[in-house]
Amino acid sequence: MADTTTAARAAYLRPADLAALRKHVVHTADGKLDERSSAKPADVDAFATTADDVRRMVEVDLAAFVEQQAKKASARDVPPPVPVLIWAHGGLTDKAAGLRTAHHQSAWWKKNGVYPVHLVWESGLMTTLADVLSGRATGSRGFTDLTDRAVEAAARVLGGRKFWDDMKLDSAASCLPALADGTRGGADILAAALREYMAANQGAIELHIAGHSAGSIYHSHFVPRLFDGDDAVDHVASVTFLAPAVRVDTFEATLLPLAETGKIKDLAIFTMDETHEKRDNTGGVYRKSLLYLVSRAFEAERDAKILGLEEHLRRAGRTMGYLGDDPTRLVLGPVARGRRSRTQATSHGAFDNDVETMMSLARRVLGVPDSDEPERLTVFPTRGRGVELEPMRPPRPEPTGVRGAVPRKLALCVGIDAYPKDPLSGCVADAEAWGEAFRNAGFEVESIRNADAKRDEILRAMLDKVSAARDGDIVAIQFAGHGTFVPDLDGDETDSFGPSDEALCPVDFRDGNLIIDDDLGAIWDAIPDGVAVSLFFDSCHSGTVNRGLTRSEFNEKRIPAGTKARMTVLDSEEEDAYRAQRAAALSDPFRRAAWARVVEIETDRAAEPPRPHEANREVLVSACQPNQVALETNGRGVFSTAALTVLGKSPTLSYREFVKAVSDIIDDDYEQRPLLSAAEELGARPLLSSLRDTASLAAPTGVETDGRRSAADARTAAIVAILRATADLLEAGSD
């Protein structure tokens, strides 16, 4: 039976606990220290750290510990340097959890003769992700039976990327030296205090650095600050990362040069081997470790190289050149090798609560040799279940279709007329007409209209349809509304007026809530194998990767009398709102300087801009070419009217034939031609057909359009459904 008393004590911090932690915790929010603090904080919210607190911690509390340790040494001996451990927790941790970790570890470290300093920085990303995946962020729609690709899509488009950027910005901000106005990062004040103490007390202490998960990102900014200034430290004794979430390029730009030149005497990485990384599971949602989600969903580019992933490390020549020189520098677990290289952690969140890992870290910090001689270390106390966010559950297999089941037909129809500043008049009617056509074809139809058609609700509905589908199912998604262009925050698309992304306009788009082509690409990448997805978008800039109209070109367009363009342009305030919704807030010089530092050391992102999404899983039929305007007239969209006419008369056309037939009906009345974006074999398939259909479709077929008849193309009809390897889930969030 679990020690519930111990668990309860660990989960709840009393005022006396919080007061004791003031000797060991540097707490920052948005990178800064507080201006006021209490010597006796009543609760977690009241816990704060000021610059004076940091200096007192080093000059008084640390100094007293050093003096205490010196008294234990023989009078004839020179006291050895006292190890000081600077710990940074992971990025999925809020203030309370960071303080609990500090409370749990600090007494143990001191019993072993080590003075611990915990860097507690607020993030709470796990809470955000839980809200994203459960639907609590908007209170309406959650997800079930998600595939890994769907989790990655949800995490990217519904907030994960922004919060990861915020977390990286906060870690950089914490370590910023003073700006012209005197603003300074909280951890930089700690670094300066340590440098000053070490200069005045030569040989009294030695510095050891350790961090779990995103703590490695924090330390990539903090450790270099120890080597700045006239009082720079001579060296750091060790740096040890547990399951590091830092990018390889950031590590190679900041810490690896210090290790290569001997300024960091010993640098080691403890992480899982690739097999266990892909088995990691907590909660049954994402079937790989958190580091894969970081790589594929949180970073600017998909598949960013992460230091804690073995498969990425093996391709990092310079890093492996250093790690490979000493077998104790890279510990791939679970493994039991000697006394300094042991770990039994089998999940991302377990490393800082694994006895073998933490004892290996302690032996490295204390210089215990890798031998069989007796040791007198206090064993690391594991935390009870009471402080874990969620118990481990066995991995759940990826959802797959049932062999022989009748394919399901799922449709989503979105129509928006009620835009506050620039209303339309035919989009809801189009959505209703598409819905009727889909129902007649046997589809289950969900509709979202006007005030309900907000960004997150539309994206959740799209992802819900995609993630609910199984091998052989057919999904159709229709959108009618405004399109526009927005500043490109990733650098993957550029036109002559500067970087831009194409975007669909939800009803709340003027608050910055747009659906960009990158969002759509992330969702289409999540389409399960064997699922046929057809998209019919009646708007400008409807999610292609092609160059669209610029502001100037749109303003010069001649809009025929009696029609209205389904395109709008954002003003500068609305573009600022979009940036605030999508990226880390850069509201002042301090945050802008921190973000500049983040970008500066992410060298691979600059060298390899994100690749545009390629339409290899979905078929997209857009209302117009990228340099044209989608129009509506007489209460209906020009494209939707023509498309539904063709669909009603000739439902067995291929997509390529369908687009030609629609173009023929529109003819020369309007400067608007539909665009097909699809892989060659998908464009040749019959409209709204299942990928299970393998019959030859080479017989001619066509539709009457102005007396012209289209011949059917020969096409490939079979796609093999591939079962993805079973992996596991999203980290529990406990550090």
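Every value quoted in this text rests on a predicted model; they were computed, and no experiment measured them.

### Observations regarding the packing of aromatic side chains
Move 1: On inspection of all chains with the given rule, the structure shows 13 aromatic pairs.
Move 2: Judged by centre distance (6.2 Å) and plane angle (70 degrees), the rings of Phe 479 and Phe 537 are edge-to-face. Here Phe 537 lies in strand β17 (residues 532-538) and Phe 479 lies in strand β12 (residues 474-480), a separation of 58 residues in the sequence. Considered together, Phe 479 and Phe 537 belong to a single accessibility category, that of buried residues.
Move 3: One aromatic cluster is present, formed by Trp 434, Phe 438, Phe 443, Phe 536, Phe 639 and Phe 658 through successive ring pairs.
Move 4: A cation over an aromatic ring shows up here: Lys 162 above the ring of Phe 163, its NZ or CZ 5.4 Å from the ring centre.

### Here we look at the sheet that holds strand β10 (residues 409-415)
Move 1: Strand order in the open sheet formed by six strands is β11-β10-β12-β17-β19-β22, and the pairing between neighbours is mixed. Of all the strands in the sheet, just β11 (444-449) and β22 (675-677) have a single pairing partner and so form its edges. Looking at each pair of strands side by side, their axes are set apart by 10 degrees on average, direction ignored.
Move 2: In this structure, β10 lies alongside β11, joined through six bridges in parallel fashion. In the sheet register, Val 414 faces β11, and the bridge partner there is Ile 448.

### Here's the deal with the pattern of salt bridges
Two side chains carrying opposite charge are able to pair once their charged atoms lie near each other.
Move 1: Overall, the coordinates contain 50 salt bridges when judged by the stated rule.
Move 2: With a shortest N-O distance of 3.4 Å, Arg 591 and Asp 170 are connected by a salt bridge. You can see Arg 591 sitting in helix α21 (residues 589-600) and its partner Asp 170 sitting in helix α6 (residues 148-174), a full 421 residues away along the chain. Of the two residues, Arg 591 and Asp 170, both sit in the buried class.
Move 3: In this structure, the salt-bridge partner of Arg 566 is Asp 430, at a minimum N-O distance of 2.8 Å. Highlighted residues: Arg 566 in the loop between β18 (563-565) and α20 (572-582) and Asp 430 in helix α16 (residues 427-440), separated in sequence by 136 residues.
Move 4: Given a relative accessible area of 0%, Asp 430 falls into the buried group.

### Section: the pairing of strand β1 (residues 25-28)
Move 1: Side chains of β1 alternate between two faces, with Val 25 and His 27 and Val 26 and Thr 28 buried alike.
Move 2: Note that β1 and strand β3 (residues 115-121) share four bridges and pair parallel. Residue pairing for β3: Val 25 is matched across the bridge by His 118.

### Regarding the nonpolar core
For soluble globular proteins, nonpolar side chains are generally found buried alongside one another.
Move 1: Ranked by size, the top nonpolar core spans 73 residues in total, and within it Leu 190, Leu 194, Ile 205, Phe 222 and Leu 226 carry the most contacts.
Move 2: A per-element tally of this core places helix α7 (residues 186-200) first, with eight residues.
Move 3: Once residues lying within four places of it in the same chain are set aside, the contact partners of Leu 194 are Val 58, Leu 62, Ile 86, Leu 207, Phe 222 and Leu 226.
Move 4: Core analysis: the next-biggest nonpolar cluster, separate from the first, contains 47 residues, Ile 477, Leu 520, Ile 523 and Ile 527 among them.

### Notes on the sheet that holds β18
Move 1: An order of β18-β20-β21 is seen for the three strands of this open sheet, with the pairing classed as antiparallel. This sheet does not close on itself; its edge strands, each paired only once, are β18 and β21 (636-637).

### So, the environment of Val 26
Move 1: Mapped onto the fold, Val 26 is located in strand β1.
Move 2: When sequence neighbours within four positions are dropped, the list of residues in contact with Val 26 reads Leu 33, Thr 49, Val 54, Met 57, Val 117, His 118, Leu 119, Val 120 and Leu 190.

### Remarks on α21
One full turn of an α-helix is made of 3.6 residues, so residues set three or four places apart face in the same direction.
Move 1: With twelve residues, α21 extends 16 Å between its outermost C-alpha atoms, agreeing within 8% with the 16 Å of an ideal straight helix rising 1.5 Å per residue.
Move 2: Phe 590, Arg 591, Ala 594, Trp 595 and Val 598 are the residues of α21 that are buried. Looking down the long axis of α21, one finds its buried residues gathered within 130 degrees of arc, a one-sided arrangement.
Move 3: For α21, the N-terminal capping position is held by Asp 588, with its side-chain oxygen 3.0 Å away from the main-chain nitrogen of Phe 590.

### Details of the side chain of Thr 357
Move 1: Checked against the element boundaries, Thr 357 lands in helix α15 (residues 355-366).
Move 2: The class of Thr 357 is buried, set by a relative accessible area of 0%.
Move 3: Once you skip the residues sitting within four places of it in the chain, Thr 357 turns out to touch Leu 242, Phe 270, Arg 342, Thr 343, Gln 344, Ala 345 and Phe 351.

### A word on the packing of helix α23 (residues 638-649) against helix α24 (residues 655-666)
Move 1: Viewed as axis vectors pointing N to C, α23 and α24 meet at an angle of 120 degrees, and their least axial separation amounts to 9 Å. Looking at the two axes, α23 sits oblique to α24. In this structure, α23 meets α24 at a crossing whose hand is right-handed. Only Phe 658, Ala 661, Val 662, Ile 665 and Ile 666 of α24 make contact with α23, whose side of the interface consists of Val 638, Phe 639, Ala 642, Ala 643, Thr 645, Val 646 and Leu 647.
Move 2: Counted by class, the contact of α23 with α24 contains eleven nonpolar, one polar and no charged residues.

Quick notes on the rules
- Residues numbered from 1 in each chain as written.
- Predicted model: local features only at pLDDT ≥ 70, side-chain atom pairs only at ≥ 80, totals over all residues.
- Heavy atoms only, no water.
- Phe/Tyr/Trp six-rings, centres within 6.5 Å; stacked < 30°, edge-to-face > 60°.
- Helix = DSSP H or I, 4+ residues; strand = E, 2+ residues; numbered from the N terminus.
- Buried < 20%, exposed > 50% of the residue type's maximum accessible area, 1.4 Å probe, protein only.
- Lys NZ or Arg CZ within 6 Å of the ring centre and 35° of its normal.
- Pairing = 2+ DSSP bridges.
- Axes fitted to C-alpha atoms, helices over the stretch in contact; angles between N-to-C directions.
- Salt bridge = Lys/Arg side-chain N within 4 Å of Asp/Glu carboxyl O.
- Core = buried A, V, L, I, M, F, W, Y, C linked by side-chain atoms within 4.5 Å.
- Contact = heavy atoms within 4.5 Å.
- Expected span 1.5 Å × (residues − 1).
- Arc of directions from axis to C-beta.
- Polar contact = N/O pair within 3.5 Å; in protein donor to acceptor, adjacent residues only side chain to side chain.
- Parallel < 35°, antiparallel > 145°, perpendicular 65-115°, else oblique.
- Left-handed = near helix turned anticlockwise from the far one by under 90°.
- Nonpolar A, V, L, I, M, F, W, Y, C, P; charged D, E, K, R; others polar.

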